[in-house]
Amino acid sequence: MALALHIWGRLHGLVSLEIYGHLRGQTASPEKLFQEELTHLVRALGIPPAA
């Protein structure tokens, strides 16, 4: 349960910032930021990268 909340919190937070326009002016590429966050999360969880 704690793992699910951890994942949900990180991704929901980033998506919420994007939806409400809080990333404008903070980053030129919200999509790249989201992808980097997903990559970091997957690595932190110890999931091997897709082949």
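Bear in mind that the values here come from a model prediction, so they are computed numbers and not experimental data.

J.: Before we move on, could you go through the overall build of the protein chain and cite the residues and values that matter?
T.: When you go through the protein chain residue by residue, the secondary structure sums to two helices and zero strands. Relative to the compact-globule value of 10 Å for 51 residues, the protein chain shows a C-alpha radius of gyration of 12 Å, a clear excess of over 25%. Across its three principal directions, the C-alpha atoms of the protein chain cover 35 × 30 × 10 Å. Buried positions account for 8% of the 51 residues belonging to the protein chain. Total accessible area on the protein chain is roughly 4,300 Å²; 63% of this is exposed by carbon and sulfur atoms. If the 4 positive side-chain charges of the protein chain are averaged to one point and the 4 negative ones to another, these points end up 4 Å apart.

J.: Before we move on, could you go through a nonpolar patch on the surface and cite the residues and values that matter?
T.: Taken together, the side chains of Leu 3, Val 42, Leu 45 and Ile 47 make up a nonpolar region of the molecular surface, amounting to roughly 310 Å² of accessible area. Within the fold, Leu 45 resides in helix α2 (residues 30-45).

J.: Report on the pattern of salt bridges, specifying residues and quantitative values.
T.: Going through the model one piece at a time under the given rule, you end up with one salt bridge. Note that Glu 37 and Arg 10 form a salt bridge whose closest N and O atoms lie 2.4 Å from each other. Separated by 27 residues along the polypeptide, Glu 37 in helix α2 and Arg 10 in helix α1 (residues 2-19) bring together distant segments of the chain. Take Arg 10: its relative accessible area is 23%, and that puts it in the partly exposed class.

J.: An account of α1 is requested, with residue identities and associated values reported.
T.: With 18 residues, α1 extends 25 Å between its outermost C-alpha atoms, agreeing within 8% with the 26 Å of an ideal straight helix rising 1.5 Å per residue. Downstream of α1 by a residue or two, Gly 21 has a phi angle that is positive, lying close to 80 degrees.

Conventions adopted
Residues numbered from 1 in each chain as written. Predicted model: local features only at pLDDT ≥ 70, side-chain atom pairs only at ≥ 80, totals over all residues. Heavy atoms only, no water. Helix = DSSP H or I, 4+ residues; strand = E, 2+ residues; numbered from the N terminus. Rg over C-alpha atoms; globule rule 2.2 N^0.38 Å. Buried < 20%, exposed > 50% of the residue type's maximum accessible area, 1.4 Å probe, protein only. Areas by Shrake-Rupley, 256 points an atom, 1.4 Å probe, with all protein chains shown as cover. Lys, Arg positive; Asp, Glu negative; His and termini not counted. Charge placed at Lys NZ, Arg CZ, Asp CG, Glu CD. Patch = residues over 30% accessible without salt bridge, like charges linked within 9 Å, V, L, I, M, F, W, Y side chains within 5 Å. Salt bridge = Lys/Arg side-chain N within 4 Å of Asp/Glu carboxyl O. Expected span 1.5 Å × (residues − 1).

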